[in-house]
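# Summary of structural features
Residue strings, one per chain:
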Amino acid sequence: MIQIEGVHKAFGANQVLRGVNLTVGRGESMVIIGGSGTGKSVLLKCILGLVRPDAGMIRVAGEDVTRVSRDAFLARFGMLFQGGALFDSMTVWQNVAFRLMRGKGRLPKDQAREVAIEKLRRVGLKPEVADLFPAELSGGMQKRVGLARAIAAQPEIIFFDEPTTGLDPIMAGVINELIREIVVEMGATAVTITHDMTSVRAIADHVAMIHRGKVRWTGPVAEMDATPDPYVQQFIHGRAEGPIESVR
Amino acid sequence: MSLTAPLAHLGAMVLAALAATGRLALFAGRTLGHLLTPPFYLREFLHACLQIGWLSLPVVGLTAIFTGAALALQIYAGGARFSAEAVVPQIVAIGMTRELGPVLGGLMVAARVASSIAAEIGTMKVTEQIDALVTLSTNPMKYLTVPRVLAATLTVPLLVAVGDAIGVMGGWLVGTERLGFNSATYMKNTIEFLEFWDIGSGLVKGAVFGFIVALMGCYYGMNSGRGAQGVGRATKSAVVAASVAILASNYVLTEVFFSA
């Protein structure tokens, strides 16, 4: 579904991606792990076209992402941002129904609101939340609204950027379960970025570890613990000692 | 340090300024291009009209009334040096409509609106709301910039018109209550002296200043740096750039409209 070949990206002198190769199969849940600043978020933004790679090729369903019609391309995606990225000036239901009320297949307001409330219910939020503003919600509720917005238009591919960052362990567990259920239920292809190993085990079919702008290791989640790669072992066990330099 | 170092530093500053001007010009060009092509966001445009036009009315009105009143006092005091106290109504009217109404109105709107637009869009950028718009198949230029620029270009002239009227009334109030002018004569002199282009030129200036204010707010917001400091810097830069651009363009427009 998603093929990434030799992608490079630098910001000034900072070489973030140094030739990333990765394939994500249709309907697969790929989790990308790696330390802060290793280029995970930049990679997602390259796939979405938010950041243009300096070199390399990204194909989605066989199409080069730089040559497709932007609207049709983006209509296939849903994304849950790290901080939620909810629009402050809109109510919760307007956030969730944002895409539904715009573009060629736009729905009338009442119908869009109904769909939004249905999606809110799907992520465990009551209809009363629909008319609140994002600032009135807790961090966990904001993540759920972000998730409802990401799935509102039934996307084929969903990206999750640090879905459990800033949440307590119980809420993180709830979000992980929701993500897994929704991805399976929709048959969507999912790519998740996280540092949270509990999330990795809950969400992933496959795992890829990025280190210094390259994919260091990739494989099924079941094989992750047994891999002899010292970088992966240090990361998944959270050890200070090992080949990955840590600043103290 | 090499003797040429100051020159190199100066050259780098000039190149950076030219590059920034080029980026701003491209941004303005893209904004104008998007003005003409769908989709159009009517709700966002009306909301921007309310925020920029209607809600700026109190500050523009207060600025105008005090400016008109002070102008009347100054012209009276200055005119007394060569026995020309009687020209207060005419000079207040022409001063307000041609210069002070549009320029002070524009500067007040710059302080209020450019800062608010830059802070709002800058915050949206650092909280990834702009990226979220893109992933939801919405062009941020069309959705955020075009409605604000269009609204400011259309509503600031209206604010200037209201400010002109309030400024003239400020002069009238001081003229009749403090300086002993007859009320009817003051108004008659004002109305008879003013020509259409005195008011029209101020309104055209208002439209240009409105465009500048919203453009600067959007440009610096969209290019905001990370974190609270980045948004703060974007806000400050938007107000400074809008104010300087208003004063510079005011001179150019005055040359174009009134040079003999």
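The name an unreviewed UniProt entry gives chain B is ABC transporter permease, with Phaeovulum veldkampii DSM 11550 as the organism. Under the UniProt heading Sequence similarities (unreviewed entry), the entry covering chain B gives this text: "Belongs to the MlaE permease family." Among the UniProt annotations of chain B, the heading Function (unreviewed entry) holds the following wording: "Could be part of an ABC transporter complex."

In the nomenclature of an unreviewed UniProt entry, chain A corresponds to ABC transporter ATP-binding protein from the organism Phaeovulum veldkampii DSM 11550.

Residues and elements named next belong to chain A. The strand order E6-E7-E8-E3-E9-E10 describes an open sheet built from six strands, whose pairing is mixed. Since the sheet does not close on itself, it has two edges, and those belong to strand E6 (77–80) and strand E10 (214–220), each with one partner. Within this sheet the neighbouring strands show an average axis-to-axis angle of 15°, counted without direction. As paired elements, E6 and strand E7 (residues 157–161) share four bridges and run parallel to each other. Across the sheet, residue Met-79 finds its bridge partner in E7, namely Phe-159. Each of E6 and E7 touches helix H5 (residues 139–151); the most contacted strand, E6, lies at about 175° to it.

Right, let's get into unusual backbone geometry. Residue Pro-39 of chain B is reached from Pro-38 of chain B by a cis peptide bond, and omega for that bond is 5°. With respect to the helices and strands, the residue Pro-39 of chain B is situated in the loop between helix H1 (5–35) and helix H2 (42–52). For Ala-85 of chain A, which is not glycine, the phi dihedral falls at a positive 50°. Topologically, Ala-85 of chain A is positioned in the loop between E6 and helix H3 (92–96). Here Gln-154 of chain A, not a glycine, exhibits a phi torsion of approximately 50°, which is positive. Assignment of secondary structure puts Gln-154 of chain A in the loop between H5 and E7.

Take Gln-90 of chain B: it is sitting in helix H4 (residues 88–126). Residue Gln-90 of chain B is classed as buried on the basis of its relative accessible area of 17%.

Quick look at the interface of chain B and chain A now. Every contact between the two is made by 16 residues of chain B and, on the other side, 22 residues of chain A. Counting the surface chain B buries against chain A, the share from its top three residues, Glu-128, Thr-135 and Leu-136 of chain B, is 38%. The interface formed by chain B and chain A holds two salt bridges in total. With a closest N to O distance of 3.5 Å, Lys-45 of chain A and Glu-128 of chain B form a salt bridge. Where chain B touches chain A, the interface holds five residue pairs in polar contact (both at pLDDT 80 or more). Taken together, the elements giving at least two residues each to the side of chain B that touches chain A come down to H2 and helix H5 (129–135) of chain B. If one sorts the elements of the side of chain B that touches chain A by residue count, H5 of chain B sits on top with six residues.

Here the focus is empty space enclosed by the protein. Taken as a whole, this structure holds two cavities of 30 Å³ or more when the rule is applied. By volume, the largest cavity amounts to about 80 Å³. Taken together, Phe-77, Gly-78, Met-79, Phe-81, Arg-99, Arg-149, Ala-150, Ala-152 and Ala-153 of chain A together with Ala-132, Thr-135 and Leu-136 of chain B make up the full set of residues lining the largest cavity. Counting residues per element, the ones that place at least two in the lining of the largest cavity are E6 and H5 of chain A together with H5 of chain B.

A separate point is the packing of H1 of chain B against helix H6 (residues 140–177) of chain B. Residue and element names in this part refer to chain B. One way to put it is that H1 packs onto H6 with a least axis distance of 10 Å and a crossing angle of 90°. Classified by the interaxial angle, the pair formed by H1 and H6 is roughly perpendicular. The residues of H6 that touch H1, namely those facing Phe-27, Arg-30, Thr-31, His-34 and Leu-35, are Met-141, Lys-142, Thr-145, Val-146, Val-149 and Leu-150. Partitioned by chemical class, the residues of the contact of H1 with H6 number six nonpolar, three polar and two charged.

Moving on: the environment of Leu-194 of chain B. Mapping Leu-194 of chain B onto the fold places it in the loop between helix H7 (183–193) and helix H8 (196–222). Among residues more than four places away in sequence, those in contact with Leu-194 of chain B are Ala-93, Ile-94, Thr-97 and Ile-199 of chain B.

All names here are of chain A. Overall, antiparallel pairing links the four strands, which are arranged E2-E1-E4-E5 in an open sheet. Each of the sheet's edge strands pairs with one partner strand only, and the pair in question is strand E2 (14–24) and strand E5 (63–64). Relative to E2, strand E1 (residues 2–11) runs antiparallel, the two being bridged by eight bridges. Paired with Ile-2 across the strands is Val-24, a residue of E2.

Residues and elements named next belong to chain A. According to the stated counting rule, one finds 18 salt bridges over all chains in the structure shown. Measuring nitrogen to oxygen at the nearest pair gives 2.8 Å for the salt bridge that ties Asp-131 to Arg-113. Placement of Asp-131 in the loop between helix H4 (109–122) and H5 and of Arg-113 in helix H4 is noted, with a sequence separation of 18 residues between them. Note on Asp-131: relative accessible area 43%, which makes it partly exposed. On the basis of relative accessibility, which here comes to 26%, the residue Arg-113 falls in the partly exposed class.

Let's shift gears to the packing of aromatic side chains. Under the definition given, this model contains eleven aromatic pairs over all chains. Measuring from ring centre to ring centre gives 6.4 Å for Tyr-76 of chain B and Phe-181 of chain B, while their planes differ by 75°; the resulting arrangement is edge-to-face. Residue Tyr-76 of chain B is located in helix H3 (residues 57–79), and its partner Phe-181 of chain B is located in the loop between H6 and H7; the two are separated by 105 residues in the primary sequence. The exposure class of Tyr-76 of chain B is partly exposed, given its relative accessible area of 28%. Given a relative accessible area of 18%, Phe-181 of chain B falls into the buried group. For the pair Trp-197 of chain B and Phe-257 of chain B, a centre-to-centre distance of 5.0 Å together with 80° between the ring planes defines the contact as edge-to-face. Here Phe-257 of chain B lies in helix H9 (residues 227–258) and Trp-197 of chain B lies in helix H8, a separation of 60 residues in the sequence. An aromatic cluster is defined as three or more aromatic residues linked by ring pairs; in this entry it consists of Phe-87 and Phe-98 of chain A together with Tyr-41 and Tyr-143 of chain B.

Rules used throughout
- Residues numbered from 1 in each chain as written.
- Chains lettered and ligands numbered in written order.
- Predicted model: local features only at pLDDT ≥ 70, side-chain atom pairs only at ≥ 80, totals over all residues.
- Heavy atoms only, no water.
- UniProt positions renumbered as here; feature names shortened; annotations may be inferred.
- Pairing = 2+ DSSP bridges.
- Helix = DSSP H or I, 4+ residues; strand = E, 2+ residues; numbered from the N terminus.
- Axes fitted to C-alpha atoms, helices over the stretch in contact; angles between N-to-C directions.
- Contact = heavy atoms within 4.5 Å.
- Buried < 20%, exposed > 50% of the residue type's maximum accessible area, 1.4 Å probe, protein only.
- Buried area = accessible area lost by both parts, 1.4 Å probe.
- Salt bridge = Lys/Arg side-chain N within 4 Å of Asp/Glu carboxyl O.
- Polar contact = N/O pair within 3.5 Å; in protein donor to acceptor, adjacent residues only side chain to side chain.
- 1 Å grid on protein atoms, 1.4 Å probe; cavity = no way out; pocket = protein on both sides within 12 Å on 5 of 7 lines; lining within 4 Å.
- Points joined across faces, edges and corners; volume = space filled by probe spheres on them.
- Parallel < 35°, antiparallel > 145°, perpendicular 65-115°, else oblique.
- Nonpolar A, V, L, I, M, F, W, Y, C, P; charged D, E, K, R; others polar.
- Phe/Tyr/Trp six-rings, centres within 6.5 Å; stacked < 30°, edge-to-face > 60°.

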